[in-house]
Amino acid sequence: MISTNDFKTGVTVEIDGDAWQVVEFQHVKPGKGAAFVRAKMRNLCTGAVVERTFNAAERLPKAIVERKDMQYLYEADGTYVFMDNETYDQIELNKDQLGNAINFLKENMDVKIISFKERILGVELPNTVELTVVETEPGIKGDTATGGSKNAKMDTGYVVKVPLFINEGDVLQIDTRTGDYIARA
């Protein structure tokens, strides 16, 4: 059990059989009446974000969300196959379960599969990945790092804005949380 007074960003609690993660929270102590906690929460099962109000010191069961190390193997007909690093069992996920993660998945990449009560919620990627540019306009001599940007298609099919000096074949670091270009690898 966890008290609403102990809410922190990222804490997961169980409400009505679903796992909810605290996105933002605020302790409110009005001049009159009892204190309460206002929290913006994301349903980890559906992805919905709602704002809820709890009484101060209300206790909620902690959601046990499992993170299992797995390796991405391959994609076949819209099905993505992952292998458990310990037991070598394989599981298959579809595009809906992966969400934006499909933009950054490369074969043999280590990821964490997130599950709640034996139900797979999604994939947790490393913070950065290295992807290769397969298509972009050529860089021109004199282009600088601060002088604008252009689109570049990566080897996973993801399109990202990059500086003008980036060329096809360059390996780039991409932030998986924001999808932004960080640097050349």
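A quick note: this is a predicted structure, and the numbers were derived from the prediction, not measured.

Per the domain assignment, the segments of the protein chain are domain 1 (1-58), domain 2 (64-122) and domain 3 (127-182). The C-alpha-based centres of domain 2 and domain 3 are spaced at 26 Å. Taken together, the contacts link 5 residues of domain 2 with 11 residues of domain 3. Buried surface at the junction of domain 2 and domain 3, both sides included, amounts to about 580 Å², of which 68% is carbon and sulfur. On the domain 2 side of the contact with domain 3, Asn 103, Phe 104 and Lys 106 bury the most area, a combined 86% of that side's loss. Our count for the contact surface shared by domain 2 and domain 3 stands at 1 salt bridge. With its nearest N and O atoms 3.1 Å apart, the salt bridge here joins Lys 106 to Asp 155. Applying the counting rule to domain 2 against domain 3 returns 2 residue pairs in polar contact (both at pLDDT 80 or more). Class assignment for the residues of the side of domain 2 that touches domain 3 results in 3 nonpolar, 1 polar and 1 charged.

This part takes up the sheet that holds strand β8 (residues 79-84). What the 5 strands build is an open sheet, ordered β9-β8-β7-β10-β11; its pairing is antiparallel. Edge positions in the sheet fall to β9 (90-94) and β11 (119-124), since each of these pairs with one other strand and no more. Taken pair by pair, the neighbouring strands of this sheet meet at an average axis angle of 40°, ignoring direction. Of the pairings in the sheet, the one linking β8 to β9 comprises 5 bridges and is antiparallel in character. Considered in β9, the bridge of Phe 82 is made with Ile 91.

Even without being glycine, Ala 57 reaches a positive phi, approximately 70°. Of note, Ala 57 is situated in the loop between β5 (49-55) and β6 (59-60). Given the relative accessible area of 45%, Ala 57 is considered partly exposed. One non-glycine residue, Lys 117, adopts positive backbone phi at about 50°.

Thresholds applied
- Residues numbered from 1 in each chain as written.
- Predicted model: local features only at pLDDT ≥ 70, side-chain atom pairs only at ≥ 80, totals over all residues.
- Heavy atoms only, no water.
- Domains from an automatic or database assignment.
- Contact = heavy atoms within 4.5 Å.
- Buried area = accessible area lost by both parts, 1.4 Å probe.
- Salt bridge = Lys/Arg side-chain N within 4 Å of Asp/Glu carboxyl O.
- Polar contact = N/O pair within 3.5 Å; in protein donor to acceptor, adjacent residues only side chain to side chain.
- Nonpolar A, V, L, I, M, F, W, Y, C, P; charged D, E, K, R; others polar.
- Pairing = 2+ DSSP bridges.
- Helix = DSSP H or I, 4+ residues; strand = E, 2+ residues; numbered from the N terminus.
- Axes fitted to C-alpha atoms, helices over the stretch in contact; angles between N-to-C directions.
- Buried < 20%, exposed > 50% of the residue type's maximum accessible area, 1.4 Å probe, protein only.

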